[in-house]
Amino acid sequence: GVGAVALEAEWHGDAFALRVGGDVLLWCRKGAALTATVTAANRYFSGPASEAQTLLAMDLPGPVRLLSARELTTPGGQKALNVSFMVPADTGLGDASAPLVGLQVEAATCSSFARSPACDLHQVASSATAGRYQAVLITSLATGNVFFLRARVSNG
């Protein structure tokens, strides 16, 4: 039969422990290169090792910075918010070097951001662009409301 191994990564600040069955195999810091090979074995023989694969130890990105919004009216007369922000200082590798692949911006009339009849929630998800600053246009907003904003980015 084919066996499987469950690897678990547990973050502790800027480092993580890689565990198998509760035993720590190694400690690693964000941004460190991890190289691994796999070898199949049974009670009769061991096969050749796989080709080595190297990955960088990546965490989730930190919080976006300098989140701001500017109210405007679209050419069609709709109320909109131009939301802009600076990417996190740590995009997952301990610095700003990890590429960002996506972003999500939300505007809501309630601070809980819970979609309900009492909370008007607007979400815009898109691909991140190259550069330190990101901007998203949120349209179809009801006039006369105050909106809470939040934004997050994702890495690959």
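For the structure, see preceding data.
What this report covers is the structure whose coordinates are included nearby.

About the thresholds
Residues numbered from 1 in each chain as written. Predicted model: local features only at pLDDT ≥ 70, side-chain atom pairs only at ≥ 80, totals over all residues. Heavy atoms only, no water. Pairing = 2+ DSSP bridges. Helix = DSSP H or I, 4+ residues; strand = E, 2+ residues; numbered from the N terminus. Axes fitted to C-alpha atoms, helices over the stretch in contact; angles between N-to-C directions. 1 Å grid on protein atoms, 1.4 Å probe; cavity = no way out; pocket = protein on both sides within 12 Å on 5 of 7 lines; lining within 4 Å. Points joined across faces, edges and corners; volume = space filled by probe spheres on them. Nonpolar A, V, L, I, M, F, W, Y, C, P; charged D, E, K, R; others polar. Buried < 20%, exposed > 50% of the residue type's maximum accessible area, 1.4 Å probe, protein only. Phe/Tyr/Trp six-rings, centres within 6.5 Å; stacked < 30°, edge-to-face > 60°. Lys NZ or Arg CZ within 6 Å of the ring centre and 35° of its normal. Disulfide = S-S within 2.5 Å. Patch = residues over 30% accessible without salt bridge, like charges linked within 9 Å, V, L, I, M, F, W, Y side chains within 5 Å. Areas by Shrake-Rupley, 256 points an atom, 1.4 Å probe, with all protein chains shown as cover. Salt bridge = Lys/Arg side-chain N within 4 Å of Asp/Glu carboxyl O.

### With respect to the sheet that holds strand β2 (residues 15-20)
Read from one edge of the open sheet, 3 strands run β1-β2-β3, paired in antiparallel fashion. Lying at the two open borders of the sheet, with one neighbouring strand each, are β1 (7-12) and β3 (23-29). Going from strand to strand, the sheet's axes swing by 25° on average, the running direction of each strand aside. Where β1 and β2 come together, 6 bridges link them in antiparallel fashion.

### Details of the layout of surface pockets
Gaps between atoms show up when a probe of the same size as a water molecule is rolled over them. For the largest pocket, the calculated volume is near 570 Å³. If you go around the largest pocket, you meet 19 residues; those closest to its centre are L7, L18, L34, A36 and L55. Going through the elements one at a time, β1, β2, β3, β4 (33-36) and β7 (53-56) are the ones with two or more residues in the lining of the largest pocket. Here the residues of the lining of the largest pocket sort into 16 nonpolar, 3 polar and no charged.

### Considerations on unusual backbone geometry
Residue F113 is not a glycine yet carries a positive backbone phi of 60°. Along the polypeptide, F113 turns up in the loop between β10 (100-108) and β11 (121-127). Classification of F113 as buried rests on a relative accessible area of 11%. For S140, which is not a glycine, the phi torsion comes out positive at approximately 60°. Structurally, the position occupied by S140 is in strand β12 (residues 133-141).

### Things to note about the packing of aromatic side chains
On inspection of all chains with the given rule, the structure shows 1 aromatic pair. Over the ring of F113 we find R150; its NZ or CZ atom is 4.1 Å from the centre of that ring.

### Focus: the state of the cysteines
In this structure the tally under the stated criterion is 1 disulfide. Each sulfur of the disulfide joining C110 and C119 lies 1.9 Å from the other. With the S-S dihedral at roughly -80°, the linkage between C110 and C119 falls on the left-handed side. Like C119, C110 is buried.

### Quick look at a nonpolar patch on the surface
A cluster of nonpolar residues, V5, L7, L25 and L26, forms a patch on the protein surface that exposes about 390 Å² of accessible area. In this structure, V5 sits in the segment before β1. Assessed through its relative accessible area of 62%, V5 is described here as exposed.

### A short note on the pattern of salt bridges
Taken as a whole, this structure holds 5 salt bridges when the rule is applied. Between R19 and E10 there is a salt bridge, with its nearest N and O atoms 3.4 Å apart. Notably, a salt bridge pairs R150 with E106, separated by 2.4 Å at the nearest N-O pair. Of the two residues, R150 sits in strand β13 (residues 148-155) while E106 sits in strand β10, which places them 44 residues apart along the sequence. R150 gets classed as partly exposed once you look at its relative accessible area, which sits at 34%.

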